[in-house]
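Understanding the architecture of this molecule
Listed below are the residues making up each chain.
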Amino acid sequence: MLTKTFLAFCVLCAFVLIGCTKTETTNNSNSTTSNSNKTTTTSSTSATSTGDKVGVPECDDYLAKYEACINGKVPEMARAQFNSSMKTLRDSWRKAATTPEGKAGLAAACKQATEQAKTSMKSYGCDF
């Protein structure tokens, strides 16, 4: 019972962190800056984490849909923060999935996470 409570708490914390993130956009109107001084960032975090399975179908499905949403709909400036949260979540779920009790708790927690993401990620136009 404690494991299920802990997993539910972890999922809730992850959503609170993700939901409370504030993204700010900066408009650089400095006309003296040339294009060669601008840096381009790529989403290497998502490339390394995409495809890593937790081993619980409900969680793997959630993570795949969530990453697709992040990489396809979330503004690039906010992606790093989302991807960092997803990596932390994936790592904790993978660790929890090492026991039968953990897997059972994760199945329920990931179903709940999917339902919550339907609401929380709707503002980005994502479908779960």
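Residues numbered from 1 in each chain as written. Predicted model: local features only at pLDDT ≥ 70, side-chain atom pairs only at ≥ 80, totals over all residues. Heavy atoms only, no water.

**Things to note about the pattern of salt bridges**
Basically, it comes down to this: For this document, the term salt bridge refers to a Lys or Arg side-chain nitrogen within 4 Å of an Asp or Glu carboxyl oxygen. Runs of E in the DSSP output that reach at least two residues are strands. Runs of H or I that reach at least four are helices, and both are numbered from the N terminus. Working definition: with a 1.4 Å probe on protein chains only, accessible area under 20% of the residue-type maximum means buried, over 50% means exposed, and in between means partly exposed.
Taken as a whole and judged by the stated rule, the model has six salt bridges. Salt-bridge contacts for Asp-52 lead to Arg-94; the nearest nitrogen and oxygen are separated by 4.0 Å. Of this pair, Asp-52 sits in the loop between helix H2 (44-49) and helix H3 (57-73) while Arg-94 is found in helix H4 (residues 76-96), placing the two residues 42 residues apart along the sequence. By relative accessible area, Arg-94 is classed as partly exposed at 29%. Residues participating in the shared-partner salt-bridge network are Asp-52, Lys-87, Asp-91 and Arg-94.

**A word on the state of the cysteines**
Note the cut-off: Note on terminology: pairs of cysteine sulfur atoms within 2.5 Å are recorded as disulfides.
In the structure shown here, the tally under the stated rule is two disulfides. With its sulfur 1.8 Å from that of its partner, Cys-59 forms a disulfide with Cys-110. On the sign convention where negative means left-handed, the S-S torsion of about 85° between Cys-59 and Cys-110 marks this disulfide as right-handed. With Cys-59 in helix H3 and Cys-110 in helix H5 (residues 100-120), the pair connects residues that are 51 residues apart, well separated along the chain. Take Cys-110: its relative accessible area is 0%, and that puts it in the buried class. Across a sulfur-sulfur distance of 1.7 Å, Cys-69 and Cys-126 are joined as a disulfide pair. Between Cys-69 and Cys-126 the sulfur-sulfur dihedral comes to about 75°; the bridge is accordingly right-handed.

**Some words on the packing of aromatic side chains**
Applicable threshold: Here a Phe, Tyr or Trp ring, Trp counted by its six-membered ring, pairs with any other such ring whose centre lies within 6.5 Å, and the pair is stacked when the planes are under 30 degrees apart, edge-to-face when over 60, and tilted otherwise.
For the coordinates displayed, the defined rule picks out five aromatic pairs. Relative to Phe-128, the ring of Tyr-66 has its centre 6.0 Å away and its plane inclined at 50°; by these criteria the two rings are tilted. Placement of the pair is Tyr-66 in helix H3 and Phe-128 in the segment after H5, with a sequence separation of 62 residues. For the pair shown, Tyr-66 and Phe-128 are each scored as buried. Ring pairs connect the aromatic residues Tyr-62, Tyr-66, Trp-93 and Phe-128, which therefore count as one cluster.

**Focus on the nonpolar core**
The following threshold applies: For our purposes a nonpolar core is just a set of buried Ala, Val, Leu, Ile, Met, Phe, Trp, Tyr and Cys residues, chained together by side-chain atoms within 4.5 Å.
Residues Val-54, Tyr-62, Tyr-66, Trp-93, Leu-106, Met-121 and Phe-128 are the most contacted members of the largest nonpolar core, which totals 24 residues. At the level of secondary structure, the elements contributing two or more residues to this core comprise H3, H4 and H5.

**Comments concerning H4**
Note the cut-off: One less than the residue count of a helix, multiplied by 1.5 Å, gives the span that helix is expected to have.
In this model H4 runs 30 Å from its N-terminal to its C-terminal C-alpha over 21 residues, within 8% of the 30 Å that 1.5 Å per residue would give. Among the residues making up H4, those that are buried are Ala-78, Phe-82, Asn-83, Ser-85, Met-86, Leu-89, Arg-90, Trp-93 and Ala-96.

**Focus on the confidence of the model for the protein chain**
Applied cut-off: One confidence number per residue, pLDDT, is output by the predictor and ranges from 0 to 100. Only heavy atoms matter for contacts: two residues are in contact if any of them lie within 4.5 Å across the pair.
Per-residue pLDDT for the protein chain averages 73, and the proportion of residues at 70 or more is 60%. Contacts of residues 4-50 to residues separated by more than four positions or lying in other chains number 38 contacts, the stretch itself having pLDDT below 50.

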